[in-house]
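Descriptive structure summary
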Amino acid sequence: MLTQVAVAAHAVAVENGVSWTLAQYRSAHISNVCYNLSFTVPSQKSEPVYFEETLTFDWTGGEDLQIDFQGDASQLSPQVLVNDTRVNTVLINEHIVIPTLYLVQGSNSVSLSGYSGDKALNRSDDYLYTLFVPDHARSVFACFDQPDLKARFSLNLTVPDGWVSISNETTKPIPTYLFSFTTGRFQVKTAMRDGRQLTALYRETDTAKVAQLPIVFDQVALSLQWMEEYTGIPYPFEHYGFVVLPGYQFGGMEHPGCIQFNDQRIFLGPEPTPDEEMSRLNLIAHETAHMWFGDLVTMRWFDDVWTKEVYANFMADKIAREQFPDIDHDLAFIKTHYPLAMSTDRTQGTHPIQQPLDNMNKAGLLYGNIIYHKAPIMMRKLEQDKGADALREGLRCYLSRYAYSNATWDDLIIELDRFNPEHSAQSFSDVWVKQKGMPVIKSNRMSDLVRVHQSDPYGRNLVWKQGFDIGYLDENGRFCQHPIYMNDYDYLLDLSYGKGLFVNSNAEGYGQFIVDREGISRMSKAWKTMADNDLTRYAAVLNLYENFHLGNITAKDLTKVLIEFLTHEKNELIASTTCSYIGDVVACLDRKERAAIEQRLFKLSQKHGLQSVRQTLLRQLSIKAVTPKVLDKLYEIWNQQNATFLNSHDHMRMAYHLAIMKPKQWQQILDRQRDRLNNEDQRREFDFISRACNPDAQVQQQLFNELLQVENRRVEPWARDMLALLNDPTREPFSNRYIIPGLDVLQEIQQTGDIFFPGYWLTSLLSGHKSDEVKTIVKQWIDSHANLEPALMNKLKENAYWLIRSERQP
């Protein structure tokens, strides 16, 4: 029987995306959701993927049912089977609308078929992987694409001969954004750890890299064991598998049973730095921790997406302590999170950890440094305030209470305040989580007292509760530290004999610590006077760099200080951050100063006592150097490939830069580099990106125009890297013409790209520009687009920091 559909007026609007109103309404009326899915993947990428599905659910009654589908009506079958009645398919504003006439209170069934959009299928010639976070499942099949309608999934895949597949078909309920499958030509390796089978799919052909898989399996097993012990809850899903993907747009994604990893983060070069090894473990531990935080217990709405990320990062940092016991993990934590959190928090684009969200189609804008790096800092300070045992017990209760369900941050706060209630998590959260920014902290002497004062840069009179140390020299000239805990605007410390004050000498304080000229001079000698205190030396580097942004030290003076630090530094973690800061500040020097500094840095890259420093400096110079003498030496290294600690991607990036800097040899350099590549995935990447090295301005313009079309941004890391090369600093002022069209397409970038791509696009578009012309262009564009989505405007202001900040920097 075929029935015509009459669509009624709706109290819940039928609008694009998944609105908060619709999500709330559906979660109140729908439960017990199951998806029975079948996909047919053709051998030719040009042919669409076909799907068939049956969606079952319980319904309590109410308005016409809206099922999410992002696509055209032509992609869907003409009829939908609703409880054995065929109904004409009605697609309105990305929703299949089913009138209540055909639904019953209790169990319902909807069956349909159609063709999936390619948006979230990530198709290559011989493989594909799905990536649905935050709301892209609806582009592949019809669903309730919101996190609090968890469902059970069954899956049937029909794929070309020779392809292998992995999925998270599960009897455990998960939200649509966590459902995933990967299929294609992959190698498969399994391993047993602690009685559990682990499965890996990969495409890497370098046997030395593949030989790293046992280490990866070991780190997975360590992470699982640690999480089970910490939470008191066994691994909550049926199996653990992962896929290592070339050109993957994230570091990883926590689909239970089929985690996805970026190949460059898992398969390291022949001589990885400690940072790279630590980063790999942190990534594996982070995604594994998500099995509990995010997958077992999921946020109710994506405004709390940060909660799953903060737990995952917080747990990963703890897991790393067991794998790398010889590392100073307090220093590692500060190094991992503070610089990146502050890089956003100092900008006009900063925002609270928890942000409002009115529609799932804007959820990708919530991701960034604040949720990945400031949130773990907040959790660490909350743990210090509540106590480690109280925090752990609260988290255990939270996981048990909301297992296989959904919860909010405020639900966790309630659980935490059952333990050690005199230290209120609620009042702590009201400032650290719900408000933006960081404190400005100053100190001054008042006779025998030291006054430490914090202020709110936004005039809200907030107090950030936190502890840190005050360093000073006692009457015998010994360096001492006194811990303080600020829970008010002022802290008074009796230091009648203390000299040479160093506020935040253990780097634990989060904020902008204002340093006067005497303090800057003192910190500049910290490598000598505090050689035995790693945290204090790191604090000096961190505070000096922040005071550079405040205009209290010039780029020239800071570069001189940091190179002096680096020359003597023996701690690889401190040296790594110092290298990074030098790379940022050198770009602010004039040509003559920069030439001298680059030559000095090149010498350090050949002679420094730490290989990780030599490696990091050579990598930086290979993509940033502009001094002819240095470029000639880099060319020789690239040509002879005699820096054994550089990997294939290092050589590719070096070739791009050399081709731009040596335009007469550009084609020769690229041809030589391509001949060296023996991996087909790398060749495809190289062939796409290297086109941007062409010195012909018309070709550059054409390539930029192509990137404005969504189909040419399909592999986002490649598009990002090409855009960065087109906006190389040496290509100003010609590249200035890209700024306005690159900003004009920003909203489309957000709508069509994955969660991190708007930020990547802006970084690649803007970071190569420093001219007054571009500063004016960007400021005028911002002023004329006051109605831009606030979260998207924040992304722009964050990435345009150097172009729009107040002119305080000398």
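Overview of the structure. All values reported here derive from a predicted model rather than from experimental measurement.

Describing the environment of Ser31
For Ser31, the position within the fold is in strand β2 (residues 30-40). Classification of Ser31 as partly exposed rests on a relative accessible area of 38%. Taking the C-alpha atoms as reference points, Ser31 and Thr60, separated by 29 residues in sequence, lie 8.8 Å from one another. For Ser31, the residues in contact, after removing those within four places along its chain, are Phe57 and Asp58.

Section: the nonpolar core
Counting residues in each nonpolar core, the largest one holds 258 residues, and the members touching the most others are Phe141 and Phe242. A total of 10 residues in this core trace back to one element, the largest contributor, which is helix α6 (residues 305-323). When residues no more than four places from it in sequence are discounted, the contact partners of Phe141 are Tyr35, Leu37, Phe39, Phe51, Glu53, Asp68, Phe69, Phe132, Phe153 and Phe179.

A closer look at the packing of helix α14 (residues 534-549) against helix α16 (residues 572-586)
With their axes 10 Å apart at the nearest point, α14 and α16 run at an angle of 15° to one another. One element, α14, and the other, α16, form an angle in the roughly parallel class. For the pair α14 and α16, the crossing hand works out as left-handed. Counting all contacts with α14, which are made through Asp534, Arg537, Tyr538, Val541, Leu542, Tyr545 and Phe548, the residues of α16 involved are Leu573, Ile574, Thr577, Thr578, Tyr581, Asp584 and Val585. For the contact of α14 with α16, a count of residues per class yields nine nonpolar, two polar and three charged.

Observations concerning the pattern of salt bridges
Working definition: two side chains of opposite charge can pair if their charged atoms are close together. In total, this model carries 44 salt bridges according to the counting rule given. One salt bridge in this structure joins Arg346 and Glu546, with 2.8 Å as the shortest N-O distance. Residue Arg346 is found in the loop between α7 (329-345) and α8 (369-386), and its partner Glu546 is found in helix α14; the two are separated by 200 residues along the sequence. Using a relative accessible area of 16% as the deciding quantity, one classes Arg346 as buried.

Considering the sheet that holds strand β11 (residues 127-129)
Strand order in the open sheet formed by four strands is β10-β11-β15-β13, with antiparallel pairing between adjacent strands. Since the sheet does not close on itself, it has two edges, and those belong to β10 (123-124) and β13 (164-167), each with one partner. Direction of pairing for β13 relative to strand β15 (residues 181-184): antiparallel, over a ladder of four bridges. Directly across from Ile166, in β15, lies its bridge partner Thr182.

Some words on the packing of aromatic side chains
Inspection of the entire model under this criterion finds 48 aromatic pairs. For the pair Phe57 and Phe144, a centre-to-centre distance of 5.7 Å together with 85° between the ring planes defines the contact as edge-to-face. Of this pair, Phe57 sits in strand β3 (residues 50-59) while Phe144 sits in the loop between β11 and β12 (151-158); the two residues are 87 residues apart in sequence, bridging distant segments of the chain. We classify Phe57 as buried; its relative accessible area is 1%. Residue class for Phe144 comes out buried when judged on its relative accessible area of 0%. With a centroid separation of 5.6 Å and an interplanar angle of 75°, the aromatic rings of Tyr127 and Phe186 are classed as edge-to-face. With Tyr127 in strand β11 and Phe186 in the loop between β15 and β16 (187-193), the pair connects residues that are 59 residues apart, well separated along the chain. Judged by its relative accessible area of 5%, Tyr127 is buried. Taken together through their ring pairs, the aromatic side chains of Tyr35, Phe39, Phe132, Phe141, Phe153, Phe179 and Phe181 make up a single cluster. The residue whose ring lies beneath Arg720 is Tyr760, and the NZ or CZ to ring-centre distance is 5.1 Å.

Rules and cut-offs
Within each chain, residues carry numbers counting from 1 in the order of the written sequence. Where local features are concerned, this predicted model is filtered to residues with pLDDT of at least 70; where side-chain atom pairs are given and counted, the filter is 80 or more; whole-chain, interface and lining totals use all residues. Only hydrogens and water are set aside when side-chain values are computed; all heavy atoms of the structure are taken into account. Numbering goes from the N terminus for both helices and strands, where a helix is a DSSP run of H or I of at least four residues and a strand is a run of E of at least two. Note on classification: 1.4 Å probe, protein chains only; a residue is buried when its accessible area is under 20% of the maximum for its type, exposed when over 50%, partly exposed between these limits. When checking whether two residues touch, look at their non-hydrogen atoms; a contact exists if any pair is within 4.5 Å. Side-chain atoms within 4.5 Å are what join buried Ala, Val, Leu, Ile, Met, Phe, Trp, Tyr and Cys residues into a set we call a nonpolar core. The angle between two axes is taken between their N-to-C directions and runs from 0 to 180 degrees, where each axis is a line fitted to C-alpha atoms and a helix contributes only its stretch in contact. In this scheme, roughly parallel covers angles under 35 degrees and roughly antiparallel covers those over 145, while 65 to 115 is roughly perpendicular and the rest are oblique. Put simply, a crossing is left-handed when the front helix is turned counterclockwise from the back one by less than a right angle, and right-handed when it is turned clockwise. Polar here means any residue outside two lists: the nonpolar Ala, Val, Leu, Ile, Met, Phe, Trp, Tyr, Cys and Pro, and the charged Asp, Glu, Lys and Arg; Gly therefore counts as polar. Any Lys or Arg side-chain nitrogen found within 4 Å of a carboxyl oxygen on Asp or Glu counts as a salt bridge. A pair of strands is considered paired only if DSSP assigns at least 2 bridges between the two. Note on aromatic contacts: the rings of Phe and Tyr and the six-membered ring of Trp form a pair at centre separations within 6.5 Å, being stacked when their planes are under 30 degrees apart, edge-to-face when over 60 apart, and tilted otherwise. In this analysis the charged atom, NZ for Lys or CZ for Arg, is taken to sit over a ring once it is within 6 Å of the ring centre and within 35 degrees of the ring normal.

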